[in-house]
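Here are the chains, one letter per residue:
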Amino acid sequence: MFKGLDRINNPKDKKTFIEKVNVFIRLIDLFALKNNLICNKKNVNVNKDTSLRLQELGIINLNIEQNHEILNKLLKKDLYSEFISAINFNIQYKTKIGKLLDKIDPSKRKLIQEKEKHENKPKVVDFFCGAGGLSLGFVQAGFQIDLANDNEDVCIESYRYNHPEIADNRIIHGDIRKIVNHLEEYMINDIDVVVGGPPCQGFSSANQQRIIDDSRNELYKFFIQSIEKIGPKFVVMENVKGMLPYAEQVKEDFQNISIKNGKKSISYNLEYKVLVSDDFGVAQKRPRLIFIAIRNDISTLNDLTPMNLFDDIEKDTSNVKKHILKDALEHIKPLDAPRIKNMTEVDDEITGKKIDINQFEGNENSYLKLINQRKIIEYVFNHKARYANDINYEIYSTLEQGEDGTSEKIKHIMPYQHRNHIFKDKYFKLDENKPSRTITAHLRMDCHSHIHPRQTRSITPREAARIQSFPDDYFFMGPYLKTYMQIGNAVPPRMANFIARVLKKFLN
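Owing to the predicted nature of the structure, the values given are computational and were not obtained by experimental measurement.

Caption draft 1: Main features of the packing of aromatic side chains. As enumerated under the stated definition, the model contains 16 aromatic pairs in all. Measuring from ring centre to ring centre gives 6.4 Å for Phe31 and Phe89, while their planes differ by 70°; the resulting arrangement is edge-to-face. Of this pair, Phe31 sits in helix 1 (residues 11-34) while Phe89 is found in helix 4 (residues 77-92), placing the two residues 58 residues apart along the sequence. You can call Phe31 buried: its relative accessible area is 6%. You can call Phe89 buried: its relative accessible area is 2%. Ring centres 5.4 Å apart and planes at 80° place the aromatic pair Tyr161 and Phe475 in the edge-to-face group. Of this pair, Tyr161 sits in helix 8 (residues 153-162) while Phe475 sits in the loop between helix 18 (461-467) and helix 19 (480-488), placing them 314 residues apart in sequence. Exposure remark for Tyr161: the relative accessible area of 3% places this residue in the buried category. Between the NZ or CZ atom of Arg437 and the centre of the ring of Phe428, over which it lies, the distance is 4.3 Å. One cation-aromatic arrangement involves Arg501 over Phe498; the distance from NZ or CZ to the ring centre is 4.3 Å.

Below is the structure:
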C-alpha cells in the first residue's frame, strides 16, 4: 500500500503517500479514543523497533542511513512527529489493535494473500474496475479476483485499499490498450469470468457506423480483444441503459469472436437485459444494461443459454426484500453543510470527518446488516458534508421531499429558472420513502440533484456509497470530489453479487 521512500518520484506519489500516512494516524487516534487509551504525541523516539515497523509497512529500506531524514523532509516536522508517535503506539498495542490496520499494512496483506492462494475459487479478471463495485460483488459470492485494471489512479488506490486479498502487482494502473497488447505477460491462471464496463460514447444508429468501429469506442474494442485473448467461460459486461438500442451490435461483436484452441474453435453466445438495482434489495432505482456471454463449450456441457442465467437471476431476486432511501440514511451521524468554502478536506464535528468512530455500532437496520454482511463496523469512512452557499442552503431548506427546481417555493431564488425546461432536475430533494434516484458520477459537480430529505445539505459520499450498497468500511481514497466520481461510476456490489452467484452454480 505504501510506496517506499526511494520510489516516490513525483508530486502525485507524494500526495498519495501523505494521504495514507494520515489514514494510519487517524485510525490509531480513533482506536486510542475508542479504547480509552492515550496516544502520546510526544513519543517520537526512533529506535530499532520503530525502524523495523516502518520497514514492515514498506516505507523505508534499512540499508539507507538517511531514512528518517528523508521521511521527515517529505512529511514536514509536525506530520512526521505524529506519524512516528502513531507507529510507536502501534508497536505498544500491537495485539490489542488486532486487524485494524490490515488493509494498509503490507505484511498483513501478504498473509491474507497467501491464504487466498490456497483457496480453490473461480477466477475473475475485472477491466475498467473503478473503485471495485463489480469485484466486491464477485468476491462476496466466493470468487477470486486474479487481475484488475483501471486507468484512473485514484480508483486504483481505493481498489487496492479495499481488496487486501489481491497482490498489488495484480491490480494494474494503466490503459487497457497497452495491457491487452501484452496480456500474455499477465495471464498466469485459467480465467473463469471476465467482467467490465467499457465506456461506449459513440452510440451510432444500427444503420450507420457500428459501435466497435467508432473511434470513440476504442476501449470497448480492446475489451472485446481481451476476451479473444483470455477465452473465459463467462463474460459480464455492464453499461448505461442508453446503450440498449445498440445492444444487438454488441451481440454481433461477441458472436464474431472465434478463438482457435488446438482443433477446437471457441465462440460465444450473448444476451442482454436491463436490470434495476432495487430488485436486488439496493436502496436505489438504478437501471443498468447487463450483457452475459457464455463460451460455447460451457453452453453445450450445461445445456445453458445466457437467457437461462437471466431467468435464474430473476428467480433469485423474486423474494428479495425491497429497501427505500430511509433505510440507507439511518444510523449515521447527522451533519450540517459547511458554510465556508474549501472546508471539504477539513475534519469537523459538525460537518463530518473522513474517518470517524461509528456511533451507531450494533444498531443497524436490515439494509445495513445486508450491505455490511453482518460485520460489526467500528469506523465509518467518507461521511463528510459538502459546502452550500447562501442561495443553495435556502433552496435545500425550502424544498419538500420529492420536489425539484420547478417548485413555486423557490421561484424567487432559483438560479436557473429561465432554463427550467433543461435544469428542472438540477435541484431535487430526495424522497426517503422511495428508493433513491440513480447515484451518478455527476455528483462530483454539485450534488444539488441529491439533497438530503431531512437535513439541510446534499448527501455525503458515505451516504451515496450506502445507497449503492457498499459496506460502511469501504474507504474511497483521493480528493473529496473524486470520491463521488468513484461511487457514481460503480456497479452496486449487491447487484453484482446476485449475478456472480448464478454464474458460480455452473463453475463448481
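From this point, the discussion proceeds with the structure in view.
Caption draft 2: Broad picture of unusual backbone geometry. Positive phi outside glycine occurs at Arg374, with the angle close to 60°. Inspection of the secondary structure assignment puts Arg374 in the loop between helix 15 (366-371) and strand 11 (379-384). With a phi close to 80°, Ser469 is a non-glycine residue in the positive phi region. Within the secondary structure layout, Ser469 lies in the loop between helix 18 and helix 19. Look at Ser469 and you get buried, because its relative accessible area is 2%.

Caption draft 3: The arrangement of the state of the cysteines in detail. Inspection of the entire model under this criterion finds zero disulfides. We note that Cys155 lacks a disulfide partner, and the nearest cysteine sulfur, in Cys129, lies 7.4 Å from it. The class of Cys155 is buried, set by a relative accessible area of 5%.

Caption draft 4: Representation of the side chain of Asn358 within the structure. Of note, Asn358 is situated in the loop between strand 10 (352-357) and helix 15. Residue Asn358 is classed as buried on the basis of its relative accessible area, which comes to 9%. A distance of 2.8 Å separates a polar atom in the side chain of Asn358 from the backbone oxygen of Ile377. For Asn358, the residues in contact, after removing those within four places along its chain, are Glu364, Ile377, Glu378, Tyr379 and Val380.

Caption draft 5: Geometry of the pairing of strand 11. In terms of burial, strand 11 is a largely internal element, six of the six residues being buried. Where strand 10 lies against strand 11, five bridges are found, and the strand directions are antiparallel. Looking at strand 11, one finds that Ile357 is bridged to Tyr379.

Rules of the game
Residues numbered from 1 in each chain as written. Predicted model: local features only at pLDDT ≥ 70, side-chain atom pairs only at ≥ 80, totals over all residues. Heavy atoms only, no water. Phe/Tyr/Trp six-rings, centres within 6.5 Å; stacked < 30°, edge-to-face > 60°. Helix = DSSP H or I, 4+ residues; strand = E, 2+ residues; numbered from the N terminus. Buried < 20%, exposed > 50% of the residue type's maximum accessible area, 1.4 Å probe, protein only. Lys NZ or Arg CZ within 6 Å of the ring centre and 35° of its normal. Disulfide = S-S within 2.5 Å. Polar contact = N/O pair within 3.5 Å; in protein donor to acceptor, adjacent residues only side chain to side chain. Contact = heavy atoms within 4.5 Å. Pairing = 2+ DSSP bridges.

By themselves, these observations are geometric and do not establish any function.
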